[in-house]
Amino acid sequence: MHDVDLIPSDYRLRRELITLLRQYGMLAGIILLIGLTATGILAFMNQSLSDRISQLQGEQAISDQQRIQLEALRGSRDRSKRQLELLTQLRSGTSAREIFVTLDRALESDRVWFRKWTFKRAMEALDEAQIQLRQQLQEQGFLIIIPVGQTDQEYWEIRTHMTVDGEARDHSALSEFVARLFAQPAIEDVKVLQTSRQATLQGAFVKFQLAIVVGPGTLNRRSAY
Amino acid sequence: MRGFSIGKSFGGGGYGAIGLEFALDELHMVQLNRKGDGIALRAQALLEYPLPRDTLLQSREECRALLKHALASENFRGREVISVLPSGGARILPVTYTAGGKLDDEGEIILEAVADRLQGEISDYVIDYMPLRAREGDRDRVAMVAVARRDTVIKYLDLLGHCGLRVQALDVGPMAIRRLVSALSGSSKGENVLVVNFGYASSYLTVISGRRLLFDTEIGFGERQLLEQVSGALDMEPDRVHQLALRHGIDVESGSRHAEISRALREIIQPLFLDLIDDIHKALVYAAAESRGEPVKHVYMLGSIARWPGTADLLGTMLNLQIETIPDPLQAFTPTQKRRRRMRNAVVATRPEMAVATGLALRGIGVEH
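A short tour of the structure in this document, coming up. (Residues numbered from 1 in each chain as written. Chains lettered and ligands numbered in written order. Predicted model: local features only at pLDDT ≥ 70, side-chain atom pairs only at ≥ 80, totals over all residues. Heavy atoms only, no water.)

A separate point is helix H9 (residues 311-319) of chain B. Since the α-helix advances by 3.6 residues per turn, residues separated by three or four positions end up pointing in the same direction. All names here are of chain B. By the criterion of burial, H9 is predominantly enclosed, with seven of the nine residues buried. Buried within H9 are the following residues: Thr-311, Ala-312, Leu-314, Leu-315, Gly-316, Met-318 and Leu-319. Just downstream of H9, Asn-320 is the residue with a positive phi angle, here 60°. (Buried < 20%, exposed > 50% of the residue type's maximum accessible area, 1.4 Å probe, protein only. Helix = DSSP H or I, 4+ residues; strand = E, 2+ residues; numbered from the N terminus.)

Here it is, written out as structure tokens:
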């Protein structure tokens, strides 16, 4: 059944349009509000993340600095350690007593005697061929090689050099003595630097000067480490 | 008073628009819920005006405050309302017209018939109608035409809009009462019911046959006439007379110690009822003619004079019919559980005057009676 309605149709239409516009306006407002809220939240999150990143970068910078300091300290420690090792090696190595014993074994008789005897212990850099040779000796247990430089290719060796000024009855005695020296495992090289025959009232003798290179610590095979 | 039940044809669920009536002295609001196949009362408000009604309706802020208070005082939901213009705002004109003339459109025919009875331009009015009688083969037809001034309607709609309400429809009182009476009587019975709705300046006679509105007419009889008559006879202020009438009424059978007052009032006003009785008789005859001799089974009254104790007895005696105050319209609807809990310890004022608001609320839930 038809119901009476006294609302004018144009008024109703106008009101419906206003309602529709209001609803769209509210919808747009809600969307805008959501957008603004989302933007605000994202901006806040972005700021928080930026702050966190800055904080982490700061912490990383501190960490890098500490790492550099640590590496510097480690380098310093290694250098000190190597110096200590070298000093230890220099201090140790083949002892004077052992050298005396070795030379004494080479002397065997009184046909050779010493006038002056100098002793020097020092480091010498090794070339590649020498390194290989030393490594072989090291593997066999005869030699201790100490890496000194920044790279593994740089090796140094502690050597003991001796210079002996002495006199022998004759060249035969000198040559026996040199041969005996070569026969000693501790002796790496012997060079006759100078010989001269001297005549005195008591008889003739040979004056000589030898350079002897003693092997690096091979006598007692003590490790430098 | 017999019991009433609501038909089971409503179906659906959810709450309806609020029925809203600015009655003479009070604001009436009712909201109903669909509940399964039936209807439940969701909320009702009956608030006295803080100002005279005309003054109140001129003040948007006062009106807004009153409605806000009413909405907050009860469990109303939504802001959709179905209302009626305050009394005097709309006129109901029965229009007889002949269909099938030079104008094919029924609306145009009715408009032409009404135009002669209106002052000024027809564009100054809002007009709607409802056909009352349209028998097959009968070209003579009757329609109930509701007419209101356009500016009055717009002003009222704007007022409610300002108060935050959305007016779904602007109904008229007789239609709301028809809807309520049909719902209360049961849609299938088809009984004839006469409703006398007393107003302040005029009253309305509405005849309903089952779900059909047979007849509605405005008569020049109202509470104001009675008050003026008594006021003149007893040399009292009309307000004082109104208080006396409401307190003591015109019930001479009550046996109270104030029966003398009631008797005096009755003697003064009884002659004025004769014109009303005459109009009621005409309505009864018309109802019988329109429903093939079916008599009016019930005469209900509501409104201002219906609140005077003894009015039903006076009318019944004069008409030789049983007259009843319209049953409390809200008692027919089961309150919602929430409302039952809310009202457990409350004294709820329910009055027959809520009939119009209840009829509007029935339209709000889509009742088509």
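Resuming the write-up.
To continue, consider the pattern of salt bridges. Evaluated as defined, the whole model comprises 19 salt bridges over all chains. Salt-bridge contacts for A:Arg115 lead to A:Glu167; the nearest nitrogen and oxygen are separated by 2.7 Å. With A:Arg115 in strand E1 (residues 112-126) and A:Glu167 in strand E3 (residues 155-168), this residue pair connects regions lying 52 residues apart in the sequence. According to the relative accessible area criterion, A:Arg115 is exposed, its value standing at 59%. On the basis of relative accessible area, A:Glu167 is assigned to the buried category, the value being 7%. Between B:Glu260 and B:Arg263 there is a salt bridge; the shortest N-O distance is 2.9 Å. Placement of both B:Glu260 and B:Arg263 in helix H8 (residues 259-290) is noted, with a separation of three residues, approximately one turn of the helix. In this structure B:Arg263 comes out as partly exposed when scored by relative accessible area, which is 32%. (Salt bridge = Lys/Arg side-chain N within 4 Å of Asp/Glu carboxyl O.)

Attention shifts here to a nonpolar patch on the surface. Residues and elements named next belong to chain A. Together, Leu-13, Leu-17, Leu-20, Tyr-24, Leu-27 and Ile-31 give the surface a local cluster of nonpolar side chains, amounting to about 620 Å² of exposed area. For Ile-31, the location among the structural elements is in helix H1 (residues 9-91). The class for Ile-31 is exposed, based on a relative accessible area of 54%. (Patch = residues over 30% accessible without salt bridge, like charges linked within 9 Å, V, L, I, M, F, W, Y side chains within 5 Å. Areas by Shrake-Rupley, 256 points an atom, 1.4 Å probe, with all protein chains shown as cover.)

Attention now goes to the interface of chain B and chain A. Between chain B and chain A, the residue contacts involve 29 residues of the former and twelve residues of the latter. Applying the counting rule to chain B against chain A returns four salt bridges. Of the charged contacts in the structure, one is a salt bridge between A:Asp3 and B:Arg179, with a shortest N-O distance of 3.0 Å. Along the contact surface separating chain B from chain A lie nine residue pairs in polar contact (both at pLDDT 80 or more). Those elements giving two or more residues to the side of chain B that touches chain A turn out to be strand E7 (125-133), strand E8 (140-149), helix H4 (150-162), strand E9 (166-171) and helix H5 (173-185) of chain B. It is E9(B) that contributes the most residues to the side of chain B that touches chain A, six residues altogether. (Contact = heavy atoms within 4.5 Å. Polar contact = N/O pair within 3.5 Å; in protein donor to acceptor, adjacent residues only side chain to side chain.)

With 13 residues, H5(B) ought to run about 18 Å at 1.5 Å a step, and its terminal C-alpha atoms sit 18 Å apart, in line with that. Along H5(B), 13 of the 13 residues are buried, which leaves the element largely enclosed by surrounding structure. (Expected span 1.5 Å × (residues − 1).)

The next subject is the sheet that holds strand E13 (residues 296-303) of chain B. All names here are of chain B. The strand order across the open sheet formed by five strands is E12-E11-E10-E13-E14, and the pairing between neighbours is mixed. Among the strands making up the open sheet, the edge pair consists of strand E12 (212-219) and strand E14 (323-325). If you compare each strand with its neighbour and ignore which way they point, the axes differ by 20° on average. In this sheet, strand E11 (residues 203-209) lies alongside strand E10 (residues 192-198) in antiparallel orientation, the contact comprising six bridges. Across the sheet, the residue bridging to Asn-192 is Ser-209, located in E11. (Pairing = 2+ DSSP bridges. Axes fitted to C-alpha atoms, helices over the stretch in contact; angles between N-to-C directions.)

Quick look at the packing of aromatic side chains now. Per the stated rule, a full pass over the model turns up nine aromatic pairs over all chains. Relative to A:Trp117, the ring of A:Phe114 lies with its centre 5.8 Å away and its plane at 70°, an arrangement referred to as edge-to-face. According to the relative accessible area criterion, A:Phe114 is partly exposed, its value standing at 23%. The interplanar angle of 65° and the centroid separation of 5.2 Å between the aromatic rings of B:Phe221 and B:Phe273 together place this pair among those described as edge-to-face. Taken together, the positions of B:Phe221 in the loop between E12 and helix H6 (223-234) and B:Phe273 in helix H8 put the pair 52 residues apart, joining distant regions of the chain. (Phe/Tyr/Trp six-rings, centres within 6.5 Å; stacked < 30°, edge-to-face > 60°.)

Attention shifts here to the nonpolar core. A:Leu6, B:Leu20, B:Phe22, B:Met29 and B:Leu67 are the most contacted members of the largest nonpolar core, which has 78 residues in total. Per-element accounting of this core gives the leading share, seven residues, to H5(B). Non-local contacts of B:Leu67, meaning those with residues more than four positions away in its chain, are made with B:Leu20, B:Phe22, B:Leu27, B:Met29, B:Leu160, B:Cys163 and B:Leu165. Ranked by size, the runner-up nonpolar core spans 37 residues in total, among them B:Leu194, B:Phe198, B:Val241 and B:Leu284. (Core = buried A, V, L, I, M, F, W, Y, C linked by side-chain atoms within 4.5 Å.)

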